[in-house]
Amino acid sequence: MGDAIRLRQAGLRVTAARLAILQTVRNGDHLDVESIHRGVCDRVGQVSLQAVYDSLNALQRGGLLRRIEPAGSPTRYETRVGDNHHHLVCRECGKVTDVDCAVGHAPCLEPVFNAGFLVDEADVIYWGLCPDCHAGAAEEADTHTRVTPPESASLDEESRRTTP
């Protein structure tokens, strides 16, 4: 189904900016607003940042986009909506990756005490290091743990071997 049809079904006007936002978010990887704004301007010319914010909010309310708000990171958007999935966030570089629900159905997790709420969704964010940052951290740790003897120590050892 095309984006124009999906916009109409959500009760939203079809505009070049909204179509460009959907395409930019779909082609991106959990993009923040600044990245979406740049992508939209590349596609349709100048569009104000406020117009992008307004459209993102309308698209999210219309169920066409999902807003992700990892603590301490900029708000991000994705087009994967309507399923029960969660996210992995890299503490180092901020990369966000989708991860399917372990249970497979909403709410995925049940609180120990629901305080009378009817729980229908759990939004889980897993934190850690992505493969690139994990490899970089391992290399850095490896560099810091290597012990190289001071030059004087190797000279002492050399002199002991050559001294009768």
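Residues numbered from 1 in each chain as written. Predicted model: local features only at pLDDT ≥ 70, side-chain atom pairs only at ≥ 80, totals over all residues. Heavy atoms only, no water.

## A short note on the overall build of the chain
- Check the secondary structure of the chain and you find six helices and six strands.
- Reading the helices (α) and strands (β) of the chain from amino to carboxyl end gives α-α-β-α-α-β-β-β-β-β-α-α.
- For the chain, buried positions account for 30% of its 164 residues.
- Contacts spanning at least 24 positions in sequence make up 40% of the contacts within the chain whose residues lie at least 6 apart. (Helix = DSSP H or I, 4+ residues; strand = E, 2+ residues; numbered from the N terminus. Buried < 20%, exposed > 50% of the residue type's maximum accessible area, 1.4 Å probe, protein only. Contact = heavy atoms within 4.5 Å.)

## Let's talk about the nonpolar core
- Core analysis: the largest hydrophobic core is formed by 19 residues, its most contacted members being Ile 21, Ile 36, Val 52, Leu 56, Leu 59, Leu 65 and Tyr 77.
- Breaking this core down by element, the ones donating at least two residues are α2 (16–27), α3 (33–44) and α4 (49–61).
- Among the elements that make up this core, the one with the highest residue count is α2 (five residues).
- The residues contacting Ile 36, other than those within four sequence positions of it, are Ile 21, Thr 24, Val 25, Leu 31, Val 52, Leu 56 and Tyr 77. (Core = buried A, V, L, I, M, F, W, Y, C linked by side-chain atoms within 4.5 Å.)

## Side note on unusual backbone geometry
- In this structure, His 30 is a non-glycine residue whose phi angle is positive, near 55°.
- Mapping His 30 onto the fold places it in the loop between α2 and β1 (31–32).
- Even without being glycine, Ala 115 reaches a positive phi, approximately 50°.
- Along the chain, the position of Ala 115 falls in the loop between β5 (96–100) and β6 (125–128).
- When its relative accessible area of 47% is taken as the criterion, Ala 115 is described as partly exposed.

## Remarks on the packing of α2 against α3
- In the contact formed by α2 and α3, the axes pass within 9 Å of each other and the chain directions differ by 120°. Comparing their axes, α3 and α2 come out oblique. Once α2 is placed against α3, the crossing between them reads as right-handed. Facing α2, whose interface residues are Ala 16, Ala 17, Ala 20, Ile 21, Gln 23, Thr 24, Val 25 and Asn 27, α3 presents Ser 35, Ile 36, Gly 39, Val 40, Arg 43 and Val 44.
- Per-class residue counts for the contact of α2 with α3 are eight nonpolar, five polar and one charged. (Axes fitted to C-alpha atoms, helices over the stretch in contact; angles between N-to-C directions. Parallel < 35°, antiparallel > 145°, perpendicular 65-115°, else oblique. Left-handed = near helix turned anticlockwise from the far one by under 90°. Nonpolar A, V, L, I, M, F, W, Y, C, P; charged D, E, K, R; others polar.)

## Considerations on the sheet that holds β6
- With mixed pairing, three strands are arranged side by side in an open sheet as β5-β4-β6. Single-partner strands in this sheet number two, and they are β5 and β6. Adjacent strand axes in the sheet meet at a mean angle of 30°, parallel and antiparallel pairs treated alike. (Pairing = 2+ DSSP bridges.)

## Digging into α4
- Taking 1.5 Å as the rise per residue, α4 with 13 residues should run 18 Å; its terminal C-alpha atoms sit 18 Å apart, in good agreement.
- Those residues of α4 that fall on the buried side of the exposure criterion are Val 52, Ser 55, Leu 56, Ala 58 and Leu 59. Buried residues of α4, seen end-on, are gathered within an arc of 165° and therefore sit on one face of the element.
- The secondary structure elements touched by the buried residues of α4 are α1 (3–9), α2, α3 and β3 (76–78).
- Phi turns positive one or two residues past the end of α4, at Gly 63, with a value near 80°. (Expected span 1.5 Å × (residues − 1). Arc of directions from axis to C-beta.)

## Considerations on the environment of Ile 125
- Among the secondary structure elements, Ile 125 is positioned in strand β6.
- The spatial distance from the C-alpha of Ile 125 to the C-alpha of Glu 69 is 9.4 Å, given a sequence separation of 56 residues.
- Beyond its immediate sequence surroundings of up to four residues, Ile 125 is in contact with Glu 69, Pro 70, His 87 and Val 89.

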